[in-house]
Amino acid sequence: MIDGDTIKIAGGEIVRYIGIDAPETVDSKKPEECYGKEASRHNKELVEGKMVWLEKDITNRDRYHRLLRYVWVGDMLVNAELVKKGFAYSYLYPPDIKYQDIFMKVQQEAQSAMRGLWSTCSY
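Please read all numbers here as calculations on a predicted model, not as lab measurements.

*Asks:* So, the state of the cysteines: which residues are in play, and what are the values?
*Replies:* Enumeration according to the criterion identifies one disulfide in this entry. Across a sulfur-sulfur distance of 2.0 Å, C34 and C121 are joined as a disulfide pair. The chirality of the disulfide connecting C34 with C121 is left-handed, given an S-S dihedral of about -80°. Of this pair, C34 sits in the loop between β3 (20-21) and α1 (36-47) while C121 sits in the segment after α4 (117-120), placing them 87 residues apart in sequence.

*Asks:* Requested: an account of the layout of surface pockets, with residues and values cited.
*Replies:* If you add up the space inside the largest pocket, you get close to 670 Å³. Lining of the largest pocket is provided by 26 residues; of these, R16, E24, D62, Y64 and R66 occupy positions nearest its centre. Of the residues contributing to the lining of the largest pocket, the split by class is 11 nonpolar, two polar and 13 charged. Taken as a whole, the second largest pocket holds about 180 Å³ of empty space. Around the second largest pocket sit 10 residues that line it, and K8, I9, V47, G49 and K50 are the ones nearest its centre. Classifying every residue of the lining of the second largest pocket by side-chain character gives six nonpolar, one polar and three charged.

*Asks:* Tell me about the side chain of D57, and please be specific about residues and values.
*Replies:* Tracing the backbone shows D57 in the loop between β4 (53-55) and β5 (67-73). Nearest to the buried, unbridged D57 among oppositely charged side chains is K98, at 6.7 Å. Here the side chain of D57 touches K98 through a polar contact of 3.0 Å, landing on its backbone nitrogen. Filtering out sequence-adjacent residues up to four positions away, D57 remains in contact with I18, Y70, P95, D96, I97 and K98.

*Asks:* Account for the pairing of strand β2 (residues 14-17), naming residues and giving values.
*Replies:* Put simply, side chains in a regular strand alternate between the two faces of the sheet. In terms of strand pairing, strand β1 (residues 6-8) meets β2 through three bridges, oriented antiparallel. Counted as the bridge partner of I7 is V15 from β2. Counted between consecutive antiparallel strands, the loop separating β1 from β2 contains five residues, among which G11 sits at a positive phi close to 95°. The pairing of β2 with β5 spans three bridges and is classified as parallel. Counted as the bridge partner of R16 is L68 from β5.

*Asks:* So, helix α3 (residues 100-113): which residues are in play, and what are the values?
*Replies:* Over its 14 residues, α3 extends 20 Å from the first C-alpha to the last, a length consistent with the 20 Å expected when each residue adds 1.5 Å. Against the buried residues of α3 lie β3, β5, β6 (76-77), α2 (78-84), β7 (89-90) and α4.

*Asks:* For the nonpolar core, give the residues involved together with the corresponding values.
*Replies:* Among the nonpolar cores identified, the biggest contains 31 residues, and Y17, V47, V78 and L82 are the most heavily contacted of them. Elements with a minimum of two residues in this core: β2, α1, β5, α2, α3 and α4. Residue contributions to this core peak at six residues, all from β5. Here L82 is in contact with G4, Y17, I20, H42, N43, L46, F87 and A88, once residues within four sequence places are set aside.

What counts and what doesn't
Residues numbered from 1 in each chain as written. Predicted model: local features only at pLDDT ≥ 70, side-chain atom pairs only at ≥ 80, totals over all residues. Heavy atoms only, no water. Disulfide = S-S within 2.5 Å. Helix = DSSP H or I, 4+ residues; strand = E, 2+ residues; numbered from the N terminus. 1 Å grid on protein atoms, 1.4 Å probe; cavity = no way out; pocket = protein on both sides within 12 Å on 5 of 7 lines; lining within 4 Å. Points joined across faces, edges and corners; volume = space filled by probe spheres on them. Nonpolar A, V, L, I, M, F, W, Y, C, P; charged D, E, K, R; others polar. Buried < 20%, exposed > 50% of the residue type's maximum accessible area, 1.4 Å probe, protein only. Lys, Arg positive; Asp, Glu negative; His and termini not counted. Salt bridge = Lys/Arg side-chain N within 4 Å of Asp/Glu carboxyl O. Polar contact = N/O pair within 3.5 Å; in protein donor to acceptor, adjacent residues only side chain to side chain. Contact = heavy atoms within 4.5 Å. Pairing = 2+ DSSP bridges. Expected span 1.5 Å × (residues − 1). Core = buried A, V, L, I, M, F, W, Y, C linked by side-chain atoms within 4.5 Å.

Structure representation (structure tokens):
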């Protein structure tokens, strides 16, 4: 586990979730952001010790050489689940936009319901 939108999988690869952004907890150049610990903890609960399926969009890796993927646990798209519960927000990363409509929809629901970071942080 790295943080709220990044994981390390078996074999050591680091995977950055496509289409979302979670508050930072591990950037040495920035202070920990509001709801960062909660986002990291929830991400861990969703994926740790579970078989995940990684889905590629257009771009294979980011500038930090992390794999860019949609992460699935069973039929749950973890990227969307984190946004839906208010642990992350939709973030457009063209050309990787396959599920962006879903991310925007669940973000609007989370904002309206004041879930997670939407109830605590000023974004």
